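Next come the chains, spelled out residue by residue.
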Amino acid sequence: PSFAWTAHRSAWVAHRPHAWSGGAVRATAVAVAALEPKQLTMELVRSNRTVQLMRLWEEHGDAMHISAFWNRLGKLVRSSRAEQSWLRARGAALSPVRERTLAMLPDLEARSLVNTAHGLASARLLASSPAWLQLWGSLDGAARAQCDRRQLTPQNL
C-alpha cells in the first residue's frame, strides 16, 4: 500500500491507510533514524505552517539551522494571512527560539547572521518589545564583530 513519510520527533513516521478504518489514514510510527542535517533543512523549508516549523525546531534545532528557521518563518508570514494572524495571537510562543537564537549569535557565521536578520525582518519581528529589541541589538553586535574580523563580506550580504 502507498504511504507518506513525515518527520516526527527523531524519526520518520509512515502514514498508511488502514483497511479496517474505512480507508482513513492512521500514523504508524516507524523509527528510521534521526534527521540528518540535509533532511532537517528540507523539512524546515517544506514546512507550510508555523506550528509545524516550530515543532521541527524544538525537536531538532541547532545553530546550523537557525537561519533556515527564521527565513522559513519570514516566508510563511509574508505569504499567508493565517500565519500572520497566528503569529500576532501567539507570538510569545517564539520566546524559546528567540532565547536560543540569542545564545547562538556569537557562534554564527556571517551568512547565518545575515539570513537570520532577513528572516526576522520578513516575519515583521521588529524591535517592538524589549525582548525583540534585545535580539536585534545582539544581532547588530554580532554583525559588527564579524566586520571587525573581516568575515562579513559583500557576498554574505
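Above this note sits the structure.
Our subject in this report is the structure included herewith. (Residues numbered from 1 in each chain as written. Predicted model: local features only at pLDDT ≥ 70, side-chain atom pairs only at ≥ 80, totals over all residues. Heavy atoms only, no water.)

**A word on unusual backbone geometry**
- Non-glycine residue arginine 124 carries a positive phi angle of around 60°.
- Mapping arginine 124 onto the fold places it in the loop between helix H6 (110-122) and helix H7 (130-148). (Helix = DSSP H or I, 4+ residues; strand = E, 2+ residues; numbered from the N terminus.)

**Overview of the packing of H6 against H7**
- Where H6 contacts H7, the axes come no closer than 10 Å and their chain directions differ by 150°. Regarding the angle of H6 to H7, the classification is roughly antiparallel. The chirality of how H6 crosses H7 is left-handed. Side by side, H6 and H7 meet where Ala110, Leu113, Thr116, Ala117, Leu120 and Ala121 of the first sit next to Trp132, Leu135, Trp136, Leu139, Ala142, Ala143 and Gln146 of the second.
- Here the contact of H6 with H7 is composed, by residue class, of 11 nonpolar, two polar and no charged. (Axes fitted to C-alpha atoms, helices over the stretch in contact; angles between N-to-C directions. Parallel < 35°, antiparallel > 145°, perpendicular 65-115°, else oblique. Left-handed = near helix turned anticlockwise from the far one by under 90°. Contact = heavy atoms within 4.5 Å. Nonpolar A, V, L, I, M, F, W, Y, C, P; charged D, E, K, R; others polar.)

**Some words on helix H2 (residues 50-60)**
- Listed as buried for H2 are Thr50, Leu53, Met54, Leu56, Trp57 and His60. For H2, the angular spread of buried residues about the axis comes to 160°, placing them on one side. (Buried < 20%, exposed > 50% of the residue type's maximum accessible area, 1.4 Å probe, protein only. Arc of directions from axis to C-beta.)

**A word on the packing of aromatic side chains**
- A complete count under the given rule lists three aromatic pairs for this structure.
- Here arginine 98 stacks its cationic end above the ring of tryptophan 132, 5.0 Å away from the centre of that ring. (Phe/Tyr/Trp six-rings, centres within 6.5 Å; stacked < 30°, edge-to-face > 60°. Lys NZ or Arg CZ within 6 Å of the ring centre and 35° of its normal.)

**Brief notes about the pattern of salt bridges**
- The tally for this structure, following the rule as stated, stands at four salt bridges.
- The residue glutamate 43 makes a salt bridge to arginine 46 at a minimum N-O spacing of 3.8 Å. Placement of the pair is glutamate 43 and arginine 46 together in helix H1 (residues 37-46), with a separation of three residues, close to one helical turn.
- By relative accessible area, glutamate 43 is classed as buried at 9%.
- Exposure remark for arginine 46: the relative accessible area of 54% places this residue in the exposed category. (Salt bridge = Lys/Arg side-chain N within 4 Å of Asp/Glu carboxyl O.)

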